[in-house]
Amino acid sequence: EAEWCYRLLGEDKAKEAWGAIANAKSEVSEDAVLAIVDDVFPAVEVCGSRMVGYVQAGVELTTPMKIADGAGNGLVILGDNRQPEGGPSLSEKIETLATRAVTSKVDGETQTEGSGLEVLSHPL
């Protein structure tokens, strides 16, 4: 599964921004989230679960069990985020995530195609 992974600034570098998020009484604004994003990477999520034994034993997984399992992700493979000299800024990269095409190939053959628009209209 194609993903966009975000590296977040530590509280030491963005204490005010993290405080605004921690103290939010309702929804957190997009600007507040962007204030703590340090970089974005293309990535691949390899689905997996620690609950396989339960499923094989016929146990129906509840929502809390799925959340405790980390939403079923086994591992994440981060792509290369190095930019050529004069490459796009972080804000430019984030602005284009919604329209950036992603193609999954196995042995050179296209398996799936999509874009960030398919993630609730924007991957942020």
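Up top you'll find the structure we're talking about.
Residues numbered from 1 in each chain as written. Predicted model: local features only at pLDDT ≥ 70, side-chain atom pairs only at ≥ 80, totals over all residues. Heavy atoms only, no water.

K.L.:
Sorry, what's going on with the overall build of the chain here?
P.N.:
Helices and strands together make up the secondary structure of the chain, namely 5 helices and 5 strands. Walking the chain from its N terminus toward its C terminus, one meets helices and strands in the order β-α-α-β-α-α-β-α-β-β. For the chain, the C-alpha radius of gyration of 18 Å lies well beyond 14 Å, the compact-globule estimate for 124 residues. Dimensions of the chain, computed from the C-alpha atoms along their principal axes, are close to 50 × 45 × 25 Å. (Helix = DSSP H or I, 4+ residues; strand = E, 2+ residues; numbered from the N terminus. Rg over C-alpha atoms; globule rule 2.2 N^0.38 Å.)

K.L.:
Even after reading the chapter, I still don't get the pattern of salt bridges, so can you show me in this structure?
P.N.:
Should their charged atoms come close, side chains of opposite charge can pair. Counting across every chain of the model gives 3 salt bridges. Ionic pairing is found between D38 and R7, a salt bridge with its closest N-O pair at 2.8 Å. Of this pair, D38 sits in strand β2 (residues 37-47) while R7 sits in strand β1 (residues 2-8), placing them 31 residues apart in sequence. Using a relative accessible area of 32% as the deciding quantity, one classes D38 as partly exposed. Residue R7 is classed as partly exposed on the basis of its relative accessible area of 40%. A salt bridge links K93 to D39, with the nearest nitrogen and oxygen atoms 2.8 Å apart. Remark: D39 occurs in strand β2 and K93 occurs in helix α5 (residues 90-96); sequence separation between them is 54 residues. Relative accessible area serves as the criterion here: at 7%, K93 is assigned to the buried category. Salt bridges linked by common partners bring R7, D38, D39 and K93 together as one network. (Salt bridge = Lys/Arg side-chain N within 4 Å of Asp/Glu carboxyl O. Buried < 20%, exposed > 50% of the residue type's maximum accessible area, 1.4 Å probe, protein only.)

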